[in-house]
Amino acid sequence: MTFVLAVLAALATALMTASVAAATNGGLTPVEPASPNATHIKTTYWVIVGFTAMIFFLVEGLLVVFIVKYRSRGRDRTIEGPQVHGHARLEIIWTVIPVVILAAIAAVVFSLLPKISDAPASSNPPIQITVEGHQFYWQFNYPGGARSINTLYVPVGRVVDLKVVATDVIHSWWIPALGGKIQAIPGRTNHSWFMAERAGSFPGQCAELCGVYHAAMLGRVVAESQAEYDAYVNPAGIGPTGNTSGAATTIGKQEWEGVCATCHGNLGEGGYGPNIASNPIIIQPAGLEHIIRNGVEGNIGVMPPVADTWTDEQIRALDLYLKQHIYKGSNQ
Ligand code: CUA
């Protein structure tokens, strides 16, 4: 009876997990890579899963066979089975095989590691971008001074060299389709890289518990054409089709949506942080700048110094956005 129950439980588990495995990567296996380092990480993953799955089925299969084959068959409990003492050949085999398996895994991993950690040589110089982890958003600093919040714009096919930093607590930069995690640690600069092999939007998530809105720290990389990238980072912010979608014209909106709205609500109506839509401080540039650059430690909670690394242009862009889109007047 117990055996039948065990088989039923095993079958039920297999059925339940099969649907997960059949769904798009199921959330359990690496996503479809879009960068060489992510491809090598995926290969490493499947090599190790291959060996461990083989061992799992061998061991569990033998366990079931032995349970069935050597069951008591009504023998008296006091009757002992045959007494076996050692088997040199068997013991050598089951020592050598694991050694060979471990050596094979090590060989694969050590041959792929340099290709995961080092960017491939390229005729085009890499683009240097600084990734700043903040409570609770990502900021990207591009060559030439352009910035973006939560979405990193890059051209397809170019190596992007990342300097990963933080000013408050530890965060972890992770875009699964574009490589492994790298921590953003205050007082330290970490390095990573990726090269988007196709256009697309690649989602990620801060992978280090960093405070109440850790879960809201969703980063994203948008890989697009060189022309679209150039339009984003160029100071005029005029795209190839004449649209104004560049950093200069959208940074205020990005700051509101990616930084302020997380705690104060999409319309400033309040959330974890207080209602600010009708607080006149948000249209007083000097007072506002002091608060967002230095943070506030009040009796209703702590506001992090969200703008501690912002440029004056960024501050002005937020002032303008608040005035035009958020402030509702102090009498409401
Ligand atoms: Cu930043 Cu978790």
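So, here is what we can say about the structure in this document. Within each chain, residues carry numbers counting from 1 in the order of the written sequence. Where totals are concerned, whole chains, interfaces and linings use all residues; where local detail is concerned, this predicted model gives features only for residues with pLDDT of at least 70, and gives and counts side-chain atom pairs only at 80 or more. Computation of side-chain values covers all heavy atoms of the structure but excludes hydrogens and water.

Once that is clear, we can look at the sheet that holds strand β9 (residues 200-203). Pairing between two strands is assigned when DSSP locates at least 2 bridges connecting them. Put simply, DSSP H or I for four residues or longer makes a helix, DSSP E for two residues or longer makes a strand, and each gets a number counted from the N terminus. Here 3 strands make up an open sheet; going across it, the order is β4-β10-β9 and the pairing mixed. Of all the strands in the sheet, the pair left with one neighbour each is β4 (151-155) and β9. Across the sheet, the mean angle separating the axes of adjacent strands is 20° when strand polarity is ignored. The sheet contact formed by β4 and strand β10 (residues 220-224) spans 5 bridges and is parallel. Each bridged residue has a counterpart across the sheet, and for Pro-155 the counterpart in β10 is Glu-224. Note on geometry: axes are lines fitted to C-alpha atoms, helical ones only across the stretch in contact, with angles between N-to-C directions running from 0 to 180 degrees.

A pair is scored as a salt bridge if a Lys or Arg side-chain nitrogen falls within 4 Å of a carboxyl oxygen belonging to Asp or Glu. According to the stated counting rule, one finds 5 salt bridges in the structure shown. A salt bridge links Glu-32 to Lys-42, with the nearest nitrogen and oxygen atoms 3.5 Å apart. On the criterion of sequence distance, the pair formed by Glu-32 in the loop between α1 (2-22) and α2 (36-69) and Lys-42 in helix α2 is long-range, its members being 10 residues apart. What makes Glu-32 exposed here is its relative accessible area of 52%. In this structure, a network of salt bridges that share partners links the residues Glu-289, Arg-293 and Asp-312. Accessible area is worked out with a 1.4 Å probe on protein chains only. A residue is then buried under 20% of its type maximum, exposed over 50%, and partly exposed in between.

With mixed pairing, the 5 strands of this open sheet are ordered in space as β3-β2-β1-β5-β8. Lying at the two open borders of the sheet, with one neighbouring strand each, are β3 (147-149) and β8 (190-195). When the angles between neighbouring strand axes are averaged without regard to direction, this sheet yields 25°. Of the strand pairs in this sheet, strand β5 (residues 159-166) and β8 are connected by 6 bridges, and their pairing is antiparallel. Paired with Val-159 across the bridge in β8 is Met-195.

A separate point is the packing of aromatic side chains. For this analysis, a ring pair means two rings from Phe, Tyr or Trp (six-membered ring only for Trp) whose centres lie within 6.5 Å, classed as stacked if their planes differ by under 30 degrees, edge-to-face if by over 60, and tilted for the remaining angles. For the structure on display, the rule yields 10 aromatic pairs. Their ring planes at 75° and their centres at 5.8 Å tell us that Tyr-213 and Tyr-272 sit as a pair that is edge-to-face. One end of the pair, Tyr-213, is in the loop between β9 and β10; the other, Tyr-272, is in the loop between α5 (247-264) and α6 (285-294), with 59 residues separating them in the sequence. Judged by relative accessible area, Tyr-272 falls into the exposed class, the value being 55%. Chaining the aromatic ring pairs together yields one cluster made of Tyr-142, Tyr-153, Tyr-229 and Tyr-232. Directly above the aromatic system of Trp-174 lies the positively charged group of Lys-181, at a separation of 4.6 Å from the ring centroid. Geometrically, a lysine NZ or arginine CZ counts as sitting over a ring once it is within 6 Å of the ring centre and also within 35 degrees of the ring normal.

Right, let's get into unusual backbone geometry. Going from Gln-135 to Phe-136, the amide bond is cis rather than trans, its omega being 0°. Within the fold, Phe-136 resides in the loop between β1 (127-134) and β2 (137-141). One non-glycine residue, Arg-73, lies in positive phi territory at about 50°. Note on placement: Arg-73 falls in the loop between α2 and α3 (88-117). Overall, the relative accessible area of 59% leaves Arg-73 in the exposed class. Positive phi, close to 70°, is recorded for Asn-150, a residue that is not glycine. Structurally, Asn-150 can be placed in the loop between β3 and β4. By relative accessible area, Asn-150 is classed as buried at 14%.

Before going further, it helps to examine the packing of α6 against helix α7 (residues 312-326). Close contact between α6 and α7 brings their axes to 11 Å; oriented N to C, the two are set at 120°. On the basis of their axis angle, the class for α6 and α7 is oblique. Considering how the two elements wind past one another, α6 and α7 form a crossing that is right-handed. Where α6 approaches α7, its residues Pro-285, Leu-288, Glu-289, Ile-292 and Arg-293 are matched on the opposing element by Asp-312, Ile-315, Leu-318, Asp-319 and Leu-322. Classification convention: Asp, Glu, Lys, Arg as charged; Ala, Val, Leu, Ile, Met, Phe, Trp, Tyr, Cys, Pro as nonpolar; all other residues, Gly among them, as polar. Considered class by class, the residues forming the contact of α6 with α7 number 6 nonpolar, no polar and 4 charged. Here the angle decides the label: under 35 degrees means roughly parallel, over 145 means roughly antiparallel, 65 to 115 means roughly perpendicular, and every other value means oblique. It is the rotation of the near helix from the far one that decides the hand of a crossing: anticlockwise by less than a right angle makes it left-handed, clockwise makes it right-handed. Residue contacts follow a heavy-atom distance rule, with two residues in contact if any of their heavy atoms lie within 4.5 Å.

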